[in-house]
Amino acid sequence: MSSEENKNANMQQHDISTSVSVLGARTHNLRDVSFTFPRNSMVVFTGISGSGKSSLAFDTLYAEAQRRFMESVAPHARRLIEQTSAPDVDGIDGLPPAVALQQSRAGAQERSTVGSLTRISVTLRLLFSRAGIRPAGIPFLPAESFSPNNPQGACPTCQGMGMVHEVKSDALVPDGSLSIREGAIASWPNGWQAKNLRTILDALGYDIDAPWHTLSERDREWILFTDEQPSVPIFMGLNAEQRREAIATGTEPAYTGTYTSARKYLLQSYSGGKESVKKRLSRFISVAPCTECHGKRLNQNTLSVTFAGHDIAEMGELTITQLKTLLLPFAYARAQYLPKEAALREAVIKMTADICGRLEQLEKLGLGHLSLGRRSTMLSSGELQRTRLATQLISRLFGVLYVLDEPAAGLHPEDVRALIPSLRSLLEAGNSLVIVEHNLDVIAEADWLTEVGPGPGRLGGEIVYNGVPSGLAQVARSPTAGYLFGESYTGLRRRRLPERWLKLEQVTCNNINSLDVQIPLERMTVITGISGSGKSTLLARVLPVLLQQLDKTPQDEESEEETRVPDVQGKIIAGENAFSRLIRIDQRPIGRTPRSNLATYTGFFDAVRKLFAETDEAKARGFDASRFSFNLPAGRCPVCEGQGQITIELMFMPQASAPCSTCCGRRYNDETLEVRWKNRTIADVLALNVDEAITVFRRHETIQRSLTALASLGLGYLTLGQPATELSGGECQRIKLAWELQRVQRGKTLYLLDEPSTGLHPADMDKLMRVLDRLVQRGDTVVMAEHDMRIASEADWILDLGPGSGENGGHIVAAGTPEEVSHSQNSVTAPYLSSRLKKRIGDPEE
């Protein structure tokens, strides 16, 4: 029987009314995959990082479901809906409508909040409008007036943002001895724009060659702060007298220039610019709470209306748990201040009951520490996904396939235990679940397990196992089976007791209050605790601020909200001089465009380009190393400008990308590709994966150092030219760590990692732990916030925060070796840590 007949026979064996059958999936690294899984079940896709799980779940199943849905939508309406590319698959039978819940920030905007994402804010605004207590003289306000995103409710001073931008006047001209031509106005743009502004001022009659401090105060004030925008004719190369003559004779100017003051330029550029522009201009701008609304974002009339003793902004700052406690008496009709009018009383009961039901769902998912006013840009990817999950649980859709991306990411084991019943409730409502997951506790709860692999990248893309979870134990080539069913294991590293300490005293930030903390030097410390207990505050806020003079982390682009670091109080009383560097390694992207990739970020591509420039052919043609950069015009393809892809915007269809027809996706022009090094073009090198490149560059130490660091972290499957936009958060974090590993060590370093196990298969976690142990062995200090108990059990020291989340957290519940913390009576973490330690049979032999 032919391969095609085999596929068709396989498809016919299953009842499509109770199962989903995939035939010939080839998206990304999938190898013509065909398999079937049951509907109305919890199906988990697992496998090594990069094996093809997401390609199967999101880029095949969900993409095909969305494609079918789009066919039923009117063409003119399709352009309003974000669409995915059609999957490369022969067919899928039995596929119901699908909803994807990914760890993506799409839709997470500056003005969106937990309240708006869950629609709780809509009901809350209606509650204040209908039943709020209004002081005398304040008219009835419609629900729209209680939204900071509506002109009726927004504070007029800050336009509903809660923060105002002010120009730092003393920073605009740091050196008054310079003239305007010499660059006295530091906040001006660079290049032609600065020259244009100088030319306009000159045409307006201002002396741009005199030292700034010699200009009159009136002139300085106007140049920096005027709101006027006068336009003048610009004549290139003429002096003042010649300009007057040209104007008098009606000579045509080169162009008409419009002046913009330094302040106006700053505010316009900062408010409407990219994050990179904001970062460049931030030293000239101060961001402070609005003095009119005090950060509450609403106008005074709106803030004068109260319910249960709070205005709507104050309610938005309460934690979900606190707000539910406040409103439950109204929902149960037990509140003292329920309206006496029957219709209004009934409306209040129904609205508060609806709000409390939604709040309870968020609480069940471990989000009780959040507030409705928390901006979505400040949520972790796991928190954002669970917020969306709560909305789906509330909506009670029927007959839907939910595709979830690691819902247990960023969750303490206690929160994972609470997550499972929520997922089951989706099944009970008549839906199906496909979950991409590495968490062993979630995998163990699956009704059906599909493992993709066996390896990553080109070594994956096959179905290793497809059946009930218990059957995986018999699959010898499964990377997951040993972790799921293994009863014991030898520790990954030899643990050592602390000897010297970094000591912090009276630390206060967010929910941490007057805390004394001790972190062992030259050891591995894991900070544990349930979500919202204060782990990230201690790791990502307190330590970098108190050790800011050591923070040498290459700063990624951050949103304005993320740069508003809360006040950190406290002091270091010991150990401050033990480090020369502090490095934070998080899961932010290594670049925001396809031009950034693995080779350029880690820096070894410079060495590769030099190798090509040293070939006889390159020398004969006069090519230097810059010729082999796809970012410079000389060597890159002129059509795609070195991106390798052409993106096409179609009005009624999804944005389409295709390999450039001129360079066939190779990024370079023909002349550059005629140069070969060891019979490979520069494009051939970018197409190599890390493991292949290790062999190719085995005699080049600089390049080899970077490649072996990447391979040691399980990234051997990534291609050197893989765009940064295609990398997961976990891959980005490991690439940053590899970049650190390749550096020549200069002094001791403190490494801070925020949940490094996120997105990693247990086998990849093992590789990560061995690399982190190498850092500790060479005398560095590693501190990480982590939920995975297998990693925690490997630590030299544990700081367990809690006991709860939000205002109930922020305390050190237990501190000590993993064994000591596992015996704590007050720790939520202790039982899970104890269970893991029972399987750890000792330290590995040296």
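Computed from a predicted structure; not experimentally measured.

1. What to know about the sheet that holds strand β1 (residues 19-25)
Spatially, β2-β1-β4 is the arrangement adopted by the three strands of the open sheet, whose pairing is antiparallel. One side of each edge strand has no neighbouring strand; the edge strands of this open sheet are β2 (33-38) and β4 (89-93). Across this sheet, the average inter-strand angle for adjacent strands is 5°, counted without regard to direction. With four bridges connecting them, β1 and β4 associate as antiparallel partners.

2. Concerning the pairing of strand β16 (residues 524-528)
Taking burial as the measure, the five residues of β16 include five buried ones, the bulk of the element. Residues Met-524, Val-526 and Thr-528 line one face of β16 and the alternating positions Thr-525 and Ile-527 line the opposite face, and both faces are buried. Strand direction decides the pairing type here: β16 and strand β22 (residues 781-785), joined by four bridges, are parallel. Along β22, the bridge assignment pairs Met-524 with Val-782.

3. Let's talk about the layout of surface pockets
Size it by volume and the second largest pocket reaches roughly 730 Å³. Every residue lining the second largest pocket is counted, 35 residues in all, and those nearest its centre are Asn-439, Leu-440, Asp-441, Asp-788 and Arg-836. If one sorts the elements of the lining of the second largest pocket by residue count, helix α17 (residues 413-428) sits on top with four residues. Here the residues of the lining of the second largest pocket sort into 15 nonpolar, nine polar and 11 charged. Two domains each provide a minimum of three residues to the lining of the second largest pocket, namely domain 1 (19-105 + 379-485) and domain 4 (501-590 + 730-839).

4. Considerations on empty space enclosed by the protein
For the coordinates displayed, the defined rule picks out three cavities of 30 Å³ or more. Taken as a whole, the largest cavity spans an internal volume of roughly 40 Å³. Gly-529, Ile-530, Asp-800, Leu-801, Gly-802, Pro-803, Val-813, Asn-826, Ser-827, Val-828 and Thr-829 are the residues that line the largest cavity. The leading source of residues in the lining of the largest cavity is strand β23 (residues 797-802), at three residues.

5. A closer look at the side chain of Ser-51
Along the chain, Ser-51 turns up in the loop between β3 (42-46) and α2 (53-71). A polar side-chain atom of Ser-51 sits 3.3 Å from the main-chain carbonyl oxygen of Val-452. Those residues in contact with Ser-51 that sit more than four places away from it in its chain are Asn-29, Val-452, Gly-453, Gly-455, Pro-456, Gly-460 and Gly-461.

6. What to know about unusual backbone geometry
Here the amide bond leading from Gly-453 into Pro-454 is cis, since omega sits at 5°, within 30 degrees of zero. One can find Pro-454 in the loop between β12 (448-453) and β13 (462-467). Note the cis peptide between Gly-802 and Pro-803, where omega equals 5°. Position of Pro-803 among the secondary structure elements: in the loop between β23 and β24 (811-816).

7. Quick word on the domain arrangement of the protein
Once the domains are mapped, the protein shows domain 1 (19-105 + 379-485), domain 2 (114-160 + 298-365), domain 3 (166-289), domain 4 (501-590 + 730-839) and domain 5 (598-711). Relative placement of domain 2 and domain 3: their C-alpha centres are 48 Å apart.

8. Examining the packing of helix α22 (residues 604-613) against helix α27 (residues 701-712)
Interaxial distance between α22 and α27 falls to 9 Å at its minimum, and their mutual angle equals 140°. Taken together, the axes of α22 and α27 are oblique relative to one another. Classified by chirality, the crossing of α27 by α22 is left-handed. Every residue of α27 that contacts α22 at Phe-604, Ala-607, Val-608 and Leu-611 is listed here: Ile-703, Ser-706, Leu-707 and Leu-710. Residue composition of the contact of α22 with α27, grouped by class: seven nonpolar, one polar and no charged.

9. Overview of the sheet that holds β22
If you walk across this open sheet you meet the six strands as β18-β21-β22-β16-β23-β24, and the pairing is mixed. Only two strands of the sheet have a single neighbouring strand rather than two, namely β18 (581-585) and β24. The average undirected angle you get between the axes of adjacent strands in this sheet is 15°. In terms of strand pairing, strand β21 (residues 749-754) meets β22 through five bridges, oriented parallel. Bridged to Leu-753 within β22 is Met-784.

Cut-offs and rules
- Residues numbered from 1 in each chain as written.
- Predicted model: local features only at pLDDT ≥ 70, side-chain atom pairs only at ≥ 80, totals over all residues.
- Heavy atoms only, no water.
- Pairing = 2+ DSSP bridges.
- Helix = DSSP H or I, 4+ residues; strand = E, 2+ residues; numbered from the N terminus.
- Axes fitted to C-alpha atoms, helices over the stretch in contact; angles between N-to-C directions.
- Buried < 20%, exposed > 50% of the residue type's maximum accessible area, 1.4 Å probe, protein only.
- 1 Å grid on protein atoms, 1.4 Å probe; cavity = no way out; pocket = protein on both sides within 12 Å on 5 of 7 lines; lining within 4 Å.
- Points joined across faces, edges and corners; volume = space filled by probe spheres on them.
- Nonpolar A, V, L, I, M, F, W, Y, C, P; charged D, E, K, R; others polar.
- Domains from an automatic or database assignment.
- Polar contact = N/O pair within 3.5 Å; in protein donor to acceptor, adjacent residues only side chain to side chain.
- Contact = heavy atoms within 4.5 Å.
- Parallel < 35°, antiparallel > 145°, perpendicular 65-115°, else oblique.
- Left-handed = near helix turned anticlockwise from the far one by under 90°.

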